[in-house]
Amino acid sequence: MDLVIIPAGVPRKPGMTRDDLFNINAGIVKTLCEGIAKCCPNAIVNLISNPVNSTVPIAAEVFKKAGTFDPKRLLGVTMLDVVRANTFVAEVLGLDPRDVDVPVVGGHAGVTILPLLSQVKPPCAFNAKEIDYLTNRIQNGGTEVVEAKAGAGSATLSMAYAAVKFADACLRGLRGDAGIIQCAFVASQVTELPFFASKVRLGRSGVEEVHPLGPLNEYERDGLEKAKKELEASIQKGVSFIRK
Ligand SMILES: NC(=O)C1=CN([C@@H]2O[C@H](COP(=O)(O)OP(=O)(O)OC[C@H]3O[C@@H](n4cnc5c(N)ncnc54)[C@H](O)[C@@H]3O)[C@@H](O)[C@H]2O)C=CC1
Ligand SMILES: O=C([O-])CC(=O)C(=O)O
């Protein structure tokens, strides 16, 4: 088994945060990861189940307990944030989303989703109103869908698209293709937090390189501080769930 994708768990209903799913999904992710440690300890794991900011640390703790943890092989899937960011930015720029690349760093919930609009490719400039609009829309994309579905679940089809795109990148890396770079929530030394989403290079052993954030403007530096505060608590909550 080369790759395991975990999409199992309950989705949000309107009015809920991703963290409100913790009580149910933490146990589901724990059980599935115990199975992975036993049956396919060398697989790359793509973790989709929310809250990703806590379920990835849960998975890491389960694997550590089992003696199978390899930080290169555990990836929280934040690809949908990138898909949304590319789509919304392309709309503003009048481009095809396939021609746009927006790095989205931090984590996968609210203010922890930090689009780096100063690093968009192709290079472009946004005014303050556009930056506020795009940042809020990208950070709240999941909530927008949950509200629109009015109790019938969360983003399912767009997540399927993002999951396939991400899994395909992981498999191409495993095959040895060069230059496979995607954003993911991984064990990281990019900040003082033990997990953080940023661009990573995927290769034969999984995450072969975690890219630094690059130059941030003042708006992004402010966003980073907010993101880190919430992320720290979410990571700790996941770790404590297993170590308790
Ligand atoms: N990382 C991301 O960007 C995204 C994450 N999600 C998350 O993915 C999860 C699933 O969301 P949806 O697919 O919309 O929900 P869904 O309700 O459509 O599907 C969940 C699936 O999980 C299965 N399941 C439940 N408990 C299980 C268990 N103990 N073992 C194995 N399978 C189990 C259910 O049978 C169902 O097939 C949620 O936690 C949601 O928040 C959803 C969209 C985007
Ligand atoms: O918002 C949710 O609950 C599901 C999700 O993670 C997303 O769509 O980004």
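Going by the annotation in an unreviewed UniProt entry, the name recorded for the protein is Malate dehydrogenase, with Cannabis sativa given as the source organism. What the UniProt record of the protein gives under Catalytic activity (unreviewed entry) is the line "(S)-malate + NAD(+) = oxaloacetate + NADH + H(+)". UniProt's Subcellular location (unreviewed entry) comment on the protein is quoted here verbatim: "Peroxisome".

Q: Whenever I open this one, the layout of surface pockets confuses me. Can you help?
A: The probe, sized like a water molecule, is rolled over the atoms to show the empty space still left. Roughly 430 Å³ of internal volume is contained in the largest pocket. Around the largest pocket, the lining comprises 26 residues; the ones closest to its centre are Ile48, Asn50, Ser154, Ala155 and Met159. Those elements that provide at least two residues to the lining of the largest pocket are α3 (79-93), α5 (141-149) and α6 (157-175). In the lining of the largest pocket, the residues fall into 14 nonpolar, nine polar and three charged. When its volume is computed, the second largest pocket comes out at roughly 210 Å³. If you trace the second largest pocket, you find 15 residues lining it, with Thr17, Arg18, Asp19, Ala109 and Glu230 closest to the centre. Elements that contribute at least two residues to the lining of the second largest pocket include exactly α2 (52-66) and α7 (218-243). Looking at which element gives the most residues to the lining of the second largest pocket, the answer is α7, with three residues. Here the lining of the second largest pocket is built from residues that sort into three nonpolar, eight polar and four charged. Domain assignment of the residues forming the lining of the second largest pocket places at least three in each of domain 1 (3-77) and domain 2 (78-232).

Calculation criteria
- Residues numbered from 1 in each chain as written.
- Chains lettered and ligands numbered in written order.
- Predicted model: local features only at pLDDT ≥ 70, side-chain atom pairs only at ≥ 80, totals over all residues.
- Heavy atoms only, no water.
- UniProt positions renumbered as here; feature names shortened; annotations may be inferred.
- 1 Å grid on protein atoms, 1.4 Å probe; cavity = no way out; pocket = protein on both sides within 12 Å on 5 of 7 lines; lining within 4 Å.
- Points joined across faces, edges and corners; volume = space filled by probe spheres on them.
- Helix = DSSP H or I, 4+ residues; strand = E, 2+ residues; numbered from the N terminus.
- Nonpolar A, V, L, I, M, F, W, Y, C, P; charged D, E, K, R; others polar.
- Domains from an automatic or database assignment.

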